[in-house]
Amino acid sequence: MSTELTVAALAGLIAPWLTAILTQVNLRSTYKRLVAIFVTLLLVGVGIFATYQPATWQEIAGVIAAALGVMQVVYTAMKPVLDAVELKINPGEAGDYEALHETN
């Protein structure tokens, strides 16, 4: 079974991340628009590269897919540690720890 990371899949990975970042950052709308245009141009460039260099693109895409998978696993494993560090740095109210680790 082979896994293929296409430009559409890459765009699907980047678009939600970009949207989340741009809605949280306090920049003027002009800068946000420029960032969105830059990312779009970058994806078009990747698409052109993938079209004309498919073998090289597949090697690069494999590395990207592996890196994304490792980042997700590391984040999932480190989430409890990050929560504990956040509570140490910013304890908040007494019930915050219980609310953070409440099971639904």
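Residues numbered from 1 in each chain as written. Predicted model: local features only at pLDDT ≥ 70, side-chain atom pairs only at ≥ 80, totals over all residues. Heavy atoms only, no water.

**Student:** Explain the overall build of the protein chain residue by residue, including any values.
**Tutor:** Within the protein chain, the secondary structure is distributed over four helices and zero strands. Across the protein chain, helices and strands are ordered from the amino to the carboxyl terminus as α-α-α-α. The burial tally for the protein chain puts 12% of its 104 residues in the buried class. In the protein chain, the share of contacts with a sequence separation of at least 24, taken over all contacts with a separation of at least 6, comes to 51%. (Helix = DSSP H or I, 4+ residues; strand = E, 2+ residues; numbered from the N terminus. Buried < 20%, exposed > 50% of the residue type's maximum accessible area, 1.4 Å probe, protein only. Contact = heavy atoms within 4.5 Å.)

**Student:** Got a sec to walk through the layout of surface pockets? Specific residues and values, please.
**Tutor:** Of the volumes computed, that of the largest pocket is approximately 160 Å³. With four residues, the single largest contributor to the lining of the largest pocket is helix α1 (residues 7-24). In terms of residue class, the lining of the largest pocket is built from five nonpolar, no polar and no charged. (1 Å grid on protein atoms, 1.4 Å probe; cavity = no way out; pocket = protein on both sides within 12 Å on 5 of 7 lines; lining within 4 Å. Points joined across faces, edges and corners; volume = space filled by probe spheres on them. Nonpolar A, V, L, I, M, F, W, Y, C, P; charged D, E, K, R; others polar.)

**Student:** How would you explain the nonpolar core if you had to name every residue and give the values?
**Tutor:** Counting nine residues, the largest nonpolar core consists of Leu10, Leu18, Leu22, Val39, Leu43, Val46, Ala50, Trp57 and Ala61. Of all the secondary-structure elements, those providing two or more residues to this core are α1, α2 (29-52) and α3 (54-89). Examining the composition of this core, we find that four residues originate from one element, α2, more than from any other. (Core = buried A, V, L, I, M, F, W, Y, C linked by side-chain atoms within 4.5 Å.)

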